[in-house]
Amino acid sequence: MQGDPLLVKVNKLTSTKTQLPYSYYSLPFCQPEHIVDSAENLGEVLRGDRIENSPYVFKMREPQMCNIVCRKILDKKAAKAFKEKINDEYRVNMILDNLPLVVPIRRPDQENAVVYQYGYHVGLRGQYAGSKEEKHFIHNHLTFTVKYHKDPLSGSARIVGFEVKPFSVKHEYEGEWNEKTRLTTCDPHAKRAVTSSESPQEVEEKKEIIFTYDVEFQESDIKWASRWDTYLLMADDQIHWFSIVNSLMIVLFLSGMVAMIMLRTLYRDISKYNQLETQEEAQEETGWKLLHGDVFRPPANSDLLCVYVGTGVQFFGMILVMMIFALLGFLSPSNRGGLMTAMLLLWVFMGLFAGYSSARLYKLFKGTEWKKITLKTAFMFPATVFAIFFVLNALIWGQKSSGAVPFGTMFALVLLWFGISVPLVFVGSYFGFKKPATEDPVKTNKIPRQIPEQAWYMNPAFSILIGGILPFGAVFIELFFILTSIWLHQFYYIFGFLFIVFVILIITCAEITVVLCYFQLCNEDYLWWWRSYLTSGSSAFYLFLYAAFYFFTKLEITKAVSGVLYFGYMLIISYSFFVLTGTIGFYACFWFTRLIYSSVKID
C-alpha cells in the first residue's frame, strides 16, 4: 500500500574482469546503523552472494528527491580501494523485493529496444577537457526507478521493476556541513535534480564525497507474475534454433548410419539362413562374428571402468532430474542459488544409482570384493573435484573475496558427502551385488585370440579423438550461452532449449559410439570396453579447448588468479562432461554388442 517502507538490500560487487566477488561493505560506502546479513542457502554462499541491508529506504509510491545518505572524507586506504574497484570495472548489485537492480541501456540498432545490465558501475575513469591525466570518478548519485503494477480491484500495488541511472556529481553547499545542510547542486525545494555528470566527483585522498539518491515510481502494465520476463528476454533466440537445427542434422546423419548397420547385420543373418549369400559376403561377414569367444572378455583395469560408469550414472541422474525440475519452473532465477543447491542435493542422492550400477558391472566382470569397488565409487571422482575446489577456494580466500566458501559451508559439503552420499553408494552397491550377474549372450574362450594389425584410421587414439567431435559439435552453440551466463554474469533461463540439446547429446554420444564400435569389431579388434567409454568421453577434451578459446576471445580477464580460477573451474566442468558422455557411450555400446551377439547362432 502507499507509504509502506520498501527495504533495499545490497548484494556483492562483481566484475567480469576479475571474476572475484566482494561484499558491498568491503568498500567504504554509506552504512546503516546495524549491518544485518540475510539468510542464505548453500547455493548462494557457493556463488559468493552476500546479501545485507542498506541505508536506502523507500516508501511505496512516495517519490523522493535528493535524499542525502551520508558524507565521507576519503583517507588514503579508502581512495585506493575505490580506485582499484573502478579500474577493475566492478558493479554494485542491489535487490528490491527479490528483483535485481538493472541499468537500462538503449540498443542503437533497434528502436525502443532496451538491454538490461545487472548492477551499476562503482565509477568510471576519464579526463577533464584539455587534460591528459586520467582521473577516477565515483557514481555517488543514484536515480532509482521503481516500477509497480496496480491491482484495479484491491488498489494495492506490487513491484515489477527496479532500475537505476548512476551519476557522478561533485555536490556543493554553503557554509559549514551539518545535518540540516542543503545542497546547491541538488535541491528538492528548488526542484533542482541531477540529470548529468557535468561536474563529476573525483576519487582522491582527503576529498569529500556526498552520497545522494532520488526515487521515482512508475506504473507499469507488466503483471507481477511475469515481472521476470523482461529480465530474461532473449534477443537471440534465432541462434538457439540454429543450434538445435545444426545438432539435429548431426543426429539424422548418425541415425542413418546406425540404421544401415543394423539393417545390414540383420539382413546378413537372414540371408545366411536362406543360403543366398555370395562367397564375398560370407568372407565379409566373418569380421565381428569371429570375435564371439573374446568380445565379452573383461578389460584391463576393469575396476576403474566400473567406478567411472557408476559416477557417470550418478551424473546422468542428477542432470536429468534437474532438467525436469527446471522445465517445470522450480528453479527460476528469483530463487537465488536454487540451481546450485538442487545440483548438490541431487548429486548426493544419486549416489544410490552410482553404487548400484558400478556393482552390477563389477559382478559381470566376476569381481568379488564389492566393498572395495564401492569405496572407490564413493570417493574417487568427488575427492578429485574437492581437491581442485579446495585449492581454488584457497586462492579466492587469499584475495579476501566474498566468493571464498566459509569454513562452515565447507564442513557442510563434507558432511553431505560423507554423511549421505557415501552411505547411499554403499546401499546401492549392496543391492546391485546381491542380484544375480547378467549372463553374457556368448561364452568366452580361455585363450585370447590374436588381434590383427589395424589400419591407421582404426588406431585407438585416432578413433577416440574423432568420436568426440560430433557430440561436442551438437552442443557447442548452446555451450557459448552457458559460458556467457557463468562468466559474464547473465541469467540463463532457457531450459527448454537446454533440454532438447541434452537429448540430442545423449543420442549423438550413443550413435557415434555404436558406429565406431561396429567398425572396430568388423576389424576383429575386441577391446571395445574402454574404447567405447573414451570415444564419446573425448568430447570433454574439445569442451576444454573451446573454454580456452572462449577465454582468449570473449573475456577480458587480466589477473593471474582469475585466469587460474577460470581454468580450474572449467577443468572440473570438462571432467564432469567426460564422465557423463563416456557413460552414455559405454551403455550404448554395451547394449549394441549384446544385441548383435545374442542374434547370432554360433555353430
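Residues numbered from 1 in each chain as written. Predicted model: local features only at pLDDT ≥ 70, side-chain atom pairs only at ≥ 80, totals over all residues. Heavy atoms only, no water.

1. Quick look at the side chain of Thr484
Here is step 1: Examined against the element boundaries, Thr484 turns out to sit in helix H10 (residues 460-487).
Here is step 2: A polar contact is formed between the side chain of Thr484 and the backbone oxygen of Phe480, at a distance of 2.7 Å.
Here is step 3: Polar contacts involving the side chain of Thr484 include one to the side chain of Tyr550, which spans 3.0 Å.
Here is step 4: In contact with Thr484, other than residues within four places in its own chain, are His489, Gln490 and Tyr550. (Helix = DSSP H or I, 4+ residues; strand = E, 2+ residues; numbered from the N terminus. Polar contact = N/O pair within 3.5 Å; in protein donor to acceptor, adjacent residues only side chain to side chain. Contact = heavy atoms within 4.5 Å.)

2. Quick notes on the domain arrangement of the protein chain
Here is step 1: Domain parsing of the protein chain yields domain 1 (4-232) and domain 2 (237-251 + 300-443 + 454-599).
Here is step 2: If you look at the interface, domain 1 gives 30 residues, while domain 2 gives 33 residues.
Here is step 3: Summing both partners gives a buried area of about 2,800 Å² for domain 1 against domain 2, and 62% of it is carried by carbon and sulfur.
Here is step 4: Our enumeration of links across domain 1 and domain 2 arrives at one salt bridge.
Here is step 5: The shortest N-O distance in the salt bridge between Lys559 and Asp88 comes to 3.7 Å.
Here is step 6: Taken together, domain 1 and domain 2 are joined by eight residue pairs in polar contact (both at pLDDT 80 or more).
Here is step 7: If you list the elements that add at least two residues to the side of domain 1 that touches domain 2, you get strand S1 (5-14) and helix H1 (42-47).
Here is step 8: Here the element with the most residues in the side of domain 1 that touches domain 2 is H1; it accounts for six residues.
Here is step 9: The residue inventory of the side of domain 1 that touches domain 2, partitioned by class, reads 12 nonpolar, 11 polar and seven charged. (Domains from an automatic or database assignment. Buried area = accessible area lost by both parts, 1.4 Å probe. Salt bridge = Lys/Arg side-chain N within 4 Å of Asp/Glu carboxyl O. Nonpolar A, V, L, I, M, F, W, Y, C, P; charged D, E, K, R; others polar.)

3. A look at empty space enclosed by the protein
Here is step 1: In this structure the tally under the stated criterion is one cavity of 30 Å³ or more.
Here is step 2: In this structure, the largest cavity occupies an estimated 50 Å³ of space.
Here is step 3: Along its surface, the largest cavity is lined by Ser463, Thr513, Leu516, Cys517, Gln520, Trp528, Arg531, Ser532, Thr535 and Cys589.
Here is step 4: Mapped onto the lining of the largest cavity, the elements with two or more residues apiece are helix H11 (495-522) and helix H12 (529-537).
Here is step 5: In terms of residue count, H11 provides more of the lining of the largest cavity than any other element does, four residues in total.
Here is step 6: For the lining of the largest cavity, a count of residues per class yields four nonpolar, five polar and one charged. (1 Å grid on protein atoms, 1.4 Å probe; cavity = no way out; pocket = protein on both sides within 12 Å on 5 of 7 lines; lining within 4 Å. Points joined across faces, edges and corners; volume = space filled by probe spheres on them.)

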